[in-house]
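What follows is the residue order along each chain.
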Amino acid sequence: MITKFSHRPSVTGLAALASIVVIVAMVAIECLQPARSEDTPANTSGFSPYVANDGAISLPKDYRESFVHLGTWAVAKDKDKPVFEMHNVYTKPEAIQAYRRDGKFPDGAVLVKEITDADAAKLTTGESSWSTDTKVWFVMIKDSKGRFPGNHLWGDGWGWALFKADDPKKNVATDFKTDCITCHIPAKQDDWIYTRGYPILKKTAAAPQ
Ligand code: HEC
């Protein structure tokens, strides 16, 4: 006697299997999402990984690994005083490429100015000063669309932020008009950026071949 076995799964079986696959995939996708804690505001606009939907700016944690050094300012209180701070400025390589092409920073460009204490000594090169501990970070994010009207940390084409080393998650700037822009007026003609300190932005900047 020949017994026929059907190797075809039933339609309902297939449907059940398909829904299990879908559920497993959804759970897997959910698990792959970076965990969002209570203090991380939603960021789904696609504008910038450092800007939440409500305009809150966060300090780019990876700036030392994935940004490029734009330039450094060595700052002394007076001509005859030693350097007491170093201001190291970073941005992403794409922003430099765009600046060299268009002569301006592209929408979403991020500038990080890290302020460090400085040490100095006579080295074999001369009287030398160098960065030690980081004290604060100033961050600017280019916004050419005026995305956050009424937000006091956005205006004149940029988002403005300040983070301190003892709490790098908290933007302590409250109003760019009082906290930032008056000091940037001398650089107004260059879209508020002190570009003279960043020769890498010049189209003709020499690069090793
Ligand atoms: C006391 C004056 C002063 C204040 C206040 C100030 N800046 Fe600046 N900022 C400067 C100067 C001058 C430079 C460039 C030279 C330097 O750092 O010594 C600069 C550079 C920067 C840079 C690097 C890019 C550039 O423009 O060259 C960023 C980013 C920046 N500032 C952001 C801010 C933000 C954000 C605020 C407010 C939270 C702020 N600054 C407040 C004077 C100031």
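Refer to the structure printed above.
Owing to the predicted nature of the structure, the values given are computational and were not obtained by experimental measurement.

A. Region of interest: the overall build of the protein. Along its length, the protein carries five helices and seven strands. Element order for the protein, N to C, with α for helix and β for strand: α-α-β-β-α-β-β-β-β-β-α-α. A burial count over the protein gives 22% of its 209 residues as buried. For the protein, the proportion of contacts with a sequence separation of at least 24, taken over those separated by at least 6, is 45%.

B. Fine view of the site of the ligand. Taken together, 19 residues surround the ligand, and among them Trp 73, Phe 138, Cys 180, Cys 183 and Tyr 194 come closest. Broken down by secondary-structure element, the contributors of at least two residues to the shell around the ligand are β1 (68–76), β2 (83–91), β3 (110–122), β4 (127–142), β6 (158–164) and α5 (181–184). No other element matches β6, which puts three residues into the shell around the ligand.

C. Quick peek at unusual backbone geometry. Here Asp 156, not a glycine, exhibits a phi torsion of approximately 55°, which is positive. The residue Asp 156 is located in the loop between β5 (154–155) and β6 in this model. Judged by the 15 C-beta atoms lying within 10 Å of it, Asp 156 falls in the partly exposed class. Although it is not a glycine, Asp 191 sits at a positive phi angle of roughly 60°. Taking the C-beta count within 10 Å as the criterion, Asp 191 has 17 such neighbours and is therefore assigned partly exposed.

D. Structural view of the nonpolar core. Within the largest apolar cluster, 31 residues are counted, with the highest numbers of intra-cluster contacts made by Val 139 and Ile 141. Mapped onto this core, the elements with two or more residues apiece are β2, α3 (93–102), β3, β4 and β6. At five residues, β6 tops the list of elements feeding residues into this core.

E. Structural context of the environment of Leu 59. Along the chain, Leu 59 falls in the loop between α1 (11–32) and α2 (63–66). Residues Leu 59 and Ala 161, 102 residues apart in the sequence, show an inter-C-alpha distance of 8.3 Å. Residues within four places of Leu 59 in sequence aside, it is in contact with Trp 137, Val 139, Phe 163 and Pro 168.

F. Expanded view of the pairing of strand β7 (residues 167–171). For β6 and β7, the ladder comprises two bridges, and the chain directions are antiparallel. Among the inter-strand pairings, Lys 164 is bridged to a residue of β7, identified as Asp 167. Hairpin connection of β6 to β7: two residues between the antiparallel strands.

G. Inspection of the pairing of β6 at higher detail. With respect to burial, β6 is a largely interior element, six of its seven residues being buried. By the bridge criterion, seven bridges tie β4 to β6 in an arrangement that is antiparallel. Residue pairing across strands places Lys 142 opposite Trp 158, the latter belonging to β6. Two elements, β5 and β6, share two bridges in a ladder whose sense is antiparallel. Its bridge partner being in β6, Gly 155 is matched across the sheet by Trp 158.

H. The arrangement of the environment of Ala 42 in detail. With respect to the helices, strands and loops of the structure, Ala 42 is situated in the loop between α1 and α2. Of the residues examined, Ala 42 has 10 C-beta atoms within 10 Å and is grouped as exposed. It is 6.0 Å that separates the C-alpha atoms of Ala 42 and Asn 53, two residues lying 11 residues apart in sequence. Leaving out residues up to four positions away in the same chain, Ala 42 has contacts with Ala 52 and Asn 53.

Quick notes on the rules
- Residues numbered from 1 in each chain as written.
- Predicted model: local features only at pLDDT ≥ 70, side-chain atom pairs only at ≥ 80, totals over all residues.
- Helix = DSSP H or I, 4+ residues; strand = E, 2+ residues; numbered from the N terminus.
- Buried ≥ 20, exposed ≤ 12 C-beta atoms within 10 Å, placed from the backbone.
- Contact = placed C-beta atoms within 7 Å.
- Near = placed C-beta within 6 Å.
- Core = buried A, V, L, I, M, F, W, Y, C linked by C-beta atoms within 7 Å.
- Pairing = 2+ DSSP bridges.

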